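Here's the letter readout for the chains.
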Amino acid sequence: MFRAFGIVGVLLFIGADLHAEGPALWNGNGSDSAFSEPPSFRHDVMAVLSKSGCNLGTCHGNQNGKGGFRLSLRGQDPDTDFMTLTRQLGGRRVSPLEPDRSLLLQKPLMKIPHEGGRRLTESDDAYVILRDWIEGGMLDDRSSAAQLVELRLTPSLSTVLATAGSVQLRVEAEFSDGSIRDVTRLSVFESSWPTAEVTRDGLVSLYTIGEASDKNSEASGASSGASVASGLTTVTARYLNHQTAARVEFIRDDPEFQFSSPAVATSFDRAVFRQLERLRIQPAGICDDRTFLRRVYLDVTGLLPPPERAQEFLASSEEDKRIRLIDDLLASEEFIDNQALRWADLLRVEEKTLDRKGVSVFYRWIRESISADKPLPEFAQEILSARGSTYTEPATNFYRALRTSEERAEASAQLFLGIRLQCAKCHNHPFDRWTQDDYYGWSNFFARIDYKIIENKRRDTNDTHEFDGEQIVFVKNEGDVKNPGTGRVPPLRFPGEAGQSNVETETTESDRLQQLGTWISARGNERFSVTQANRIWYQLFGKGVVDPIDDFRATNPPSNPELLSLIVRQFENGGSRIRPLMREILRSSTYQLAADVNESSRNDDVCFSHVEARRLTAEQLLDAISQVTGSTPQYGESKDQKRAVQLVGVRNGGHRYSPPESGDRFLQLFGKPDRLQTCECERSEETTLSQTFEMVSGQLIHELMRSRDGLIATAVRNKTGPSDFLEQLYWRALSRSPSDTEREALRQYAESHRDLRAAYEDIMWAVLNSNEFLLRP
């Protein structure tokens, strides 16, 4: 033995490579005789390091390591990890002569102090693998180990009782030599739903919730089975550099459940109601006409319905009045304004990099494209293939705001393909299949973009990100980016479809942007279609079928795959345009559901069993206040713009260094984005104490209410009585008449004040701060 160890030791210290001949035959049962040969470093040891959490970013996978010990993040670099384990510290981390004295075993067993705590016990499979690998000579099977080509998680969809059911997941790995192996006990599992637990061995259950519900039920005398709400979770399994996901649905144990739903109006309803019935979730009923009226006006135009239109709609008894209203709004100028605002946010139409003229021409082009009902593939193609003057070729301003190939690649992938590539810049993506070669292969499409700055009259000469003047965007004849991990230039690469290899494009040195534009607008580009269709659904529901809407990956599957397929099909059948898909969604029963919840739907926030009330956006709120008060706020020098939804830039009017007007300050306070990111997430939906103070006693609302041409001033001047004033106020703000109780109480309040104007102001303050006004129903 001494002689054998001496040979191994000499080879280790001179840095020779040791390769196991043939595959390891670990049978995975954790017994003392689990191996007929030492475990595979590539297939077993690397998996154990992930399973135990050793190579996570919070532990030794951190870029600086922990305690002088650094592993590659999530096991992306087995070669380096092998050298780290066997060579560093003079090989003291592993001891083939005395395996039990190896630091690699003693620290996770807590026989030596370990900041990461206990990670192993001597009965664990992981311990057996590490020990047997060390005892077997710490072989690296780099040349003989087959490559992992596919990871399968079964069952892919399970439906079980929430109170007592559980699902045992099985993970199979297929390798390049055709072999298939059960790697369940070597895989890392994660659940997307905090109340669903998944064990280290892949058993998914809700038993903790069931126990808690039983206790609550015993106290209340309710049935424990029915008290557990239905829900679904996505379980992710990760083995080596692959990961996949399965969906587990938990249903209420309620034998008496009888599903009932509103009438099916579209194919979307059929998909939604089918899933709800399977989950034993009762959907809400159809909302009343007033709720629908306010909802569809805010979603389509960003505005409250005018009082006259609201009264006409609510008084009508025609059966098709909702469909006719939808068609009218989709054909309106206000719809175009609302869509232009959304795309201006995403395309980063802001003054610092585009300057005032660039902002104006880019916004005008966006609005004209929407007005012309331009198909979104054509819209994207014109943006991605743009070059020329930023003043005469408006779409080039997209590139003007993105000064590096990496910024262009990340923004384009996120906006048009629903892919967040940022994490693949420095290392392979930890939650998706994208590699650094994918990242830099995609970035190379944008590597040759350059700028000719005709003039730059920036005010801050030290700010290299500020531009004020015309620029020419052009494509150079040469220039590539290298993968810093390999030092090589990766081939041009389009991100592939899910489940397929990434598509490398064999190209000549022709126009890369033209190739990119052609590919993005091709009819068969499923990834583009699903991203844009999901985005339109998000606009109307506040969440996507895939959510976040720009994070499509296997480990973030759609909440309802059937529904997603249907909206994509409708999008493509409608010429990949916004209006046809939006019309189909708006007329669906799913969109027209009420916001009521019941015992079965109280925890549902992904299956669309009811509509969730949302706070008005910054622009919607300011325009609504303006509509109610009858007065328009100031937006710098933009005297011709009457509504916040029509504003072109982030700051509107004066130079961006000038003090903002009250309208701009209000919009910023309530979450209007600065347009520095290509992401819907930049718009803040948080509620803050400052917003409350602004609504209760803010200067802007005070100024608007005291306007000489506003509702209150006109009522006082015309000696309008309290009852008539209340009628006007309520129809403007809430699209209804005040109830008898409200009318009588507020009339008495107004008549008890000597100063009628002050009384009217108090009443208006109260209405503007009601949830009925502040929330999109």
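The model shown is predicted, which means the values in this text are computed figures rather than measured ones.

Participant: Looking at this model, I keep getting lost on the overall build of the protein chain. Mind explaining?
Facilitator: Scanning the protein chain from N- to C-terminus turns up 30 helices and 17 strands. Out of the 777 residues in the protein chain, the part that is buried amounts to 53%. Sequence-distant contacts in the protein chain: of pairs separated by 6 or more residues, those separated by 24 or more amount to 66%. Within the structure as shown, the protein chain displays about 34,100 Å² of accessible surface, and the carbon and sulfur contribution to it stands at 49%.

Participant: Help me understand the pattern of salt bridges, please; the structure alone is not making it clear to me.
Facilitator: The final tally for this structure, using the stated rule, is 53 salt bridges. Across the salt bridge formed by Glu318 and Arg324, the nearest N and O atoms sit 2.1 Å from each other. Taking the shortest distance from any N to any O, the salt bridge between Asp373 and Arg577 comes out at 2.5 Å. With a gap of 204 residues between them, Asp373 in the loop between α13 (351-371) and α14 (376-384) and Arg577 in the loop between α20 (561-573) and α21 (578-586) connect regions that are remote in the sequence. Look at Asp373 and you get buried, because its relative accessible area is 19%.

Participant: Is there a simple way to explain the sheet that holds strand β11 (residues 388-389) in this structure?
Facilitator: Note: strands within a sheet are paired through backbone hydrogen bonds, in either parallel or antiparallel orientation. One open sheet accounts for three strands, arranged β11-β13-β12; its pairing is antiparallel. For this open sheet the edge positions go to β11 and β12 (449-453), each flanked by a neighbour on one side alone. Pairing geometry for β11 and strand β13 (residues 471-475), over two bridges, is antiparallel. Bridging from a neighbouring strand, Gly388 pairs with Val473 of β13.

Participant: Explain the packing of aromatic side chains to me, please; I cannot follow it from the model alone.
Facilitator: Two numbers describe a pair of aromatic rings. These are the distance of the centres and the angle of the planes. In total, this model carries 25 aromatic pairs according to the counting rule given. Ring centres of Tyr439 and Tyr440 lie 4.8 Å apart, and the angle between their planes is 70°; on these two criteria the pair is classed as edge-to-face. Taken together through their ring pairs, the aromatic side chains of Phe398, Tyr399, Phe416, Trp442, Phe445, Phe446, Phe494, Trp519 and Phe528 make up a single cluster. In this structure, Arg295 is placed above the aromatic ring of Tyr591, and the distance from its NZ or CZ to the ring centre is 5.8 Å. Just above the ring of Phe467 sits the side chain of Arg403; from NZ or CZ to the centre is 4.1 Å.

Participant: Looking at this model, I keep getting lost on the confidence of the model for the protein chain. Mind explaining?
Facilitator: Predicted coordinates in regions of low pLDDT should not be interpreted in detail. Per-residue pLDDT for the protein chain has a mean of 85; in total, 87% of the residues score no lower than 70. Looking at the elements of the protein chain, mean pLDDT is at its lowest for helix α1 (residues 2-14), recorded as 37, and at its highest for α21, recorded as 98. Confidence over residues 1-35 falls short of pLDDT 50; this stretch has 61 contacts with residues more than four positions distant or in other chains. Under a pLDDT of 50 for its full length, residues 497-501 has, in the predicted model, nine contacts with residues more than four places off or in other chains.

Participant: Would you mind going over the state of the cysteines with me for this structure?
Facilitator: Disulfides are covalent bonds that connect the sulfur atoms of two cysteines. The final tally for this structure, using the stated rule, is one disulfide. Shown here is the disulfide that connects Cys679 with Cys681, its sulfur atoms set 2.2 Å apart. Of note, the bridge from Cys679 to Cys681 carries an S-S torsion of about 130° and is right-handed in sense. Residue classification places Cys679 among the buried residues on the basis of a relative accessible area of 8%. Looking at the unpaired Cys54, the closest cysteine sulfur is the one in Cys59, lying at 6.0 Å.

Participant: What should I look at first to understand the nonpolar core in this one?
Facilitator: Within soluble globular proteins, side chains that are nonpolar generally end up buried alongside one another. Trp343, Leu347, Trp442 and Phe446 are the most contacted members of the largest nonpolar core, which has 101 residues in total. Excluding its chain neighbours within four sequence positions, the residues that come into contact with Trp442 are Ala409, Ser412, Ala413, Leu417, Leu421, Arg493, Phe494, Pro495, Leu516 and Trp519. Val45, Phe82, Leu148 and Ala237 belong to the second largest nonpolar core, which has 48 residues in total.

Participant: I keep staring at the pairing of strand β4 (residues 170-175) and nothing clicks. Help me out?
Facilitator: Two faces belong to every sheet, and in a regular strand the side chains alternate between them. In β4, alternate side chains face the same way, and those of Val171, Ala173 and Phe175 are buried while those of Arg170, Glu172 and Glu174 on the opposite face are not. As judged from the six bridges shared by strand β1 (residues 148-154) and β4, these two strands associate in the antiparallel manner. Its bridge partner being in β4, Leu153 is matched across the sheet by Val171. With three bridges joining them, β4 and strand β5 (residues 180-182) adopt antiparallel strand pairing. When the bridges of β5 are listed, Ala173 appears paired with Arg181. Connecting the antiparallel pair β4 and β5 is a turn made up of four residues, with Gly178 showing a positive phi of about 90°.

Participant: Honestly, the sheet that holds strand β8 (residues 203-205) in this entry has me stumped. Any pointers?
Facilitator: Ordered by their spatial adjacency, three strands build an open sheet running β3-β8-β7, and the pairing between neighbours is antiparallel. Each having just a single partner strand, β3 (166-168) and β7 (197-198) make up the two edges of the open sheet. When β3 meets β8, the two strands line up antiparallel, connected through three bridges. If you follow Ser166 over to β8, its bridge partner there is Ser205.

Participant: How should I be thinking about helix α11 (residues 321-330) in this particular structure?
Facilitator: Every α-helix winds through 3.6 residues per turn, so residues three or four apart in the chain are directed the same way. Within α11, burial applies to Lys321, Arg322, Leu325, Ile326, Leu329 and Leu330. For α11, the buried positions fall inside an angular range of 165° around the axis, keeping them on one side. Packing partners of the buried residues in α11 comprise α9 (289-301), α10 (307-315), α12 (333-346) and α21.

Participant: Is there a simple way to think about the packing of helix α28 (residues 740-751) against helix α29 (residues 756-768) in this case?
Facilitator: When two helices pack together, their arrangement is captured by the angle between the axes and the distance separating the axes. Remark: α28 packs on α29, axes separated minimally by 8 Å, with the N-to-C direction vectors making an angle of 145°. The two elements α28 and α29 meet at a crossing, and its hand is right-handed. Along its contact with α28, which presents Leu746, Tyr749 and Ala750, the element α29 presents Leu756, Ala759, Tyr760, Asp762 and Ile763.

Participant: Just to check I follow, could you spell out the environment of Arg131 for this structure?
Facilitator: With respect to the helices and strands, Arg131 occurs in helix α5 (residues 125-135). A sequence separation of 35 residues divides Arg131 from Pro96, and the C-alpha atoms of the two residues are 8.9 Å apart. Excluding residues within four positions of it along the chain, Arg131 makes contact with Pro99, Asp100 and Leu105.

Participant: Help me understand helix α8 (residues 267-279) in this model?
Facilitator: For α8, with 13 residues, the first-to-last C-alpha span of 19 Å sits near the 18 Å given by 1.5 Å per residue. Within the span of α8, buried status applies to Phe268, Asp269, Ala271, Val272, Phe273, Gln275, Leu276 and Leu279. Residues of α8 that are buried make contact with β9 (231-239), β10 (242-251), α19 (526-541), α20 and α21. Between a side-chain oxygen at the N-terminus of α8 and the backbone nitrogen of Phe268 the separation is 3.2 Å; the capping residue is Thr266.

Calculation rules
- Residues numbered from 1 in each chain as written.
- Predicted model: local features only at pLDDT ≥ 70, side-chain atom pairs only at ≥ 80, totals over all residues.
- Heavy atoms only, no water.
- Helix = DSSP H or I, 4+ residues; strand = E, 2+ residues; numbered from the N terminus.
- Buried < 20%, exposed > 50% of the residue type's maximum accessible area, 1.4 Å probe, protein only.
- Contact = heavy atoms within 4.5 Å.
- Areas by Shrake-Rupley, 256 points an atom, 1.4 Å probe, with all protein chains shown as cover.
- Salt bridge = Lys/Arg side-chain N within 4 Å of Asp/Glu carboxyl O.
- Pairing = 2+ DSSP bridges.
- Phe/Tyr/Trp six-rings, centres within 6.5 Å; stacked < 30°, edge-to-face > 60°.
- Lys NZ or Arg CZ within 6 Å of the ring centre and 35° of its normal.
- pLDDT = per-residue confidence, 0-100.
- Disulfide = S-S within 2.5 Å.
- Core = buried A, V, L, I, M, F, W, Y, C linked by side-chain atoms within 4.5 Å.
- Arc of directions from axis to C-beta.
- Axes fitted to C-alpha atoms, helices over the stretch in contact; angles between N-to-C directions.
- Left-handed = near helix turned anticlockwise from the far one by under 90°.
- Expected span 1.5 Å × (residues − 1).
- Polar contact = N/O pair within 3.5 Å; in protein donor to acceptor, adjacent residues only side chain to side chain.

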